[in-house]
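# An overview of the molecular structure
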Amino acid sequence: MARISSLAEAIEATVRDGDTLAVEGFTHLIPHAAGHEIIRQRRKGLTLIRMTPDLIYDQFIGMGCVDKLIFSWGGNPGVGSLHRFRDAVENGWPHKLAIEEHSHAAMANAYEAGGAGLPCAIFRGYIGGDLPRVNSNIKRVTCPFTGEQLAAVPAHRPDVAVIHAQRADKAGNVMIEGVLGVQKEAVLASKRSVVTVEEVVDDLGPRSLNATILPHWTVGYVVEVPGGAFPSYAQGFYPRTNSFYKQWDAISRERDTFLTWMDENVLKKGPEVFAEHVRKFRDAAE
Amino acid sequence: MADYKPNEMMTIAAARALKNDDVCFVGIGMPSAAANLARLTHAPGIMLIYESGTLATKPNILPLSIGDGELCETAITTVSVPEMFRYWLQGGRIKVGFLGGAQIDKYANLNTTVVGPYDKPKVRLPGGGGAPEIATSCGEIFIIMAQSKRSFVGKLDFVTSIGHVSGGDSRQKLGVKTKGPTKLITDLALFAPDPESKEMTVVSIHPGVTREQIQDNTGWPVKYAAKVDETAAPTAKELEVLRELQARTARATAEAA
């Protein structure tokens, strides 16, 4: 059964130096508040998995938390580069970053295989391009029935999955509606998990009969962090703050402006600031 | 003739390539603008799919990212990302994939990974995302890219997703059954693969553009089809709908800020 706790306690109890983490979200429900807590607790030597590493991964990388990144698309969607990611790959700042690069199809299949308890994922892909040349974890297998050559990649088996969701009840049943991403698969593939939510409620209330994506015994820690996905969004709670994604381009472009921003907005703050970020949307809804 | 910019011509020409009954996998940026312009003009029935899992979405404004709430709220349904790539893309249920890239070669192979060597890149680009499998699993591929010597190159630094590989039947020899790039739409011209060599050749030139201009912005000797058309200029209606879509998008972004 899931444990309801504070954010600091949940991260302290689950994330260790050197762990492999999947801090997932697909445009929607990206767990920024939990990510900031990991940075505040100064976790080091992490291997980070993510299909679409974006601002929070740029922050992990720039703050020196990450030794290795396993990913398929690392950018600021619709805006441009992730400057901290680029600085690490191009110049080794703040230290060298190892990368294991895949396609989206491979990453999604690898999470699903992890959730299904399989050692690898098999799919039709990686035909002809250069990624198999630079990533030795991309192999080919022959279908024993048809002889077709298929791609194989190792299953994702993170130590910890960290996700954000709209709601959980007090037992820790977790509900997501809207863009689902790979969060269910990431939690089921992981040994431990932290789920931040907009609200912990007595009863999940009116919802689609399929909206409870993770029942309580599959979840480690549940933490109420209103606004915890900002500047990403939580469908039904607040929209994506696209303007912040655009501002991030300037904040992150230079090392010193980045470090100053992190110091003022992450290291010296706590998860309660996230509720402030989305207050205007909450007020408008009431 | 209405006054328009080369980028508008490109987006409008790309929109015209889509049909009312197409099922189209849409990337962010220019493909998304073109696909939604098609939906708002001649192809209201087109089914637009974004890799966040939104099926047959009808956004009122252009999304900044592939999983914006606008896409989910206006879709028939939204599936998980593993389902998106397994059942929908790999399952062969998408007719047209719409791609862009940082670099393209004459066989329409694309690079969105690195400029320079992979281990010591001059510019680290975002990477392939869905493109490696979109390029081989969609029935056919349309590519939209503005032309320049930096982007239309003799040799790619990295092949992120394949087009016609090294030409001829090299794509089929890899076991790929889909057509690959059938249209390349630029700000200067329309290209299509030569039936034999599969090299992307100019089949239509946008109004006012010269062959010299096309060559000056291409890193390989450009070939032309036997019959080269002039692309029809944007109609007043096409321009109005595209500009209104972009203005709506800008207003929504400003209001949310």
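Everything here concerns the structure above.
Remember, it's a predicted structure, so these values are computed and weren't measured experimentally. (Residues numbered from 1 in each chain as written. Chains lettered and ligands numbered in written order. Predicted model: local features only at pLDDT ≥ 70, side-chain atom pairs only at ≥ 80, totals over all residues.)

## As for the sheet that holds strand β8 (residues 149–154) of chain A
Residues and elements named next belong to chain A. One open sheet holds the 3 strands; their spatial order is β6-β8-β7, and the pairing between them is antiparallel. Two strands lie at the open edges of the sheet, namely β6 (120–123) and β7 (139–142), each paired on one side alone. Across the sheet, the mean angle separating the axes of adjacent strands is 40° when strand polarity is ignored. Pairing between β6 and β8: 4 bridges, direction antiparallel. Counted as the bridge partner of F123 is A151 from β8. The strands touched by helix α5 (residues 104–115) within the sheet are β6 and β8, with β6 carrying the most contacts at an inclination of about 135°. (Pairing = 2+ DSSP bridges. Helix = DSSP H or I, 4+ residues; strand = E, 2+ residues; numbered from the N terminus. Axes fitted to C-alpha atoms, helices over the stretch in contact; angles between N-to-C directions. Contact = placed C-beta atoms within 7 Å.)

## Re the interface of chain B and chain A
Tallying the contact residues gives 42 residues for chain B and 48 residues for chain A. Where the side of chain B that touches chain A is concerned, the elements lending two or more residues are α3 (69–73), α4 (81–90), α5 (131–137) and α8 (236–256) of chain B. Its residues assigned to classes, the side of chain B that touches chain A shows 20 nonpolar, 18 polar and 4 charged. (Nonpolar A, V, L, I, M, F, W, Y, C, P; charged D, E, K, R; others polar.)

## Describing the sheet that holds strand β11 (residues 181–185) of chain B
Residue and element names in this part refer to chain B. An order of β2-β1-β5-β10-β11-β12-β13-β14 is seen for the 8 strands of this open sheet, with the pairing classed as mixed. Where the open sheet ends on each side, the last strands, each with one partner, are β2 (47–49) and β14 (224–230). Adjacent strand axes in the sheet meet at a mean angle of 25°, parallel and antiparallel pairs treated alike. Bridge count between strand β5 (residues 96–99) and strand β10 (residues 140–144): 4 bridges; the pairing is parallel.

## Description of the nonpolar core
Of all hydrophobic cores here, the largest spans 163 residues; its most connected members are V174 and V195 of chain A together with C24 and I144 of chain B. Considering every element that reaches this core, the biggest residue donor is α5 of chain A, with 7 residues. Aside from chain neighbours lying at most four places away, what touches V174 of chain A is A165, A168, V195, V197, T212, I213, L214 and V219 of chain A. (Core = buried A, V, L, I, M, F, W, Y, C linked by C-beta atoms within 7 Å. Buried ≥ 20, exposed ≤ 12 C-beta atoms within 10 Å, placed from the backbone.)

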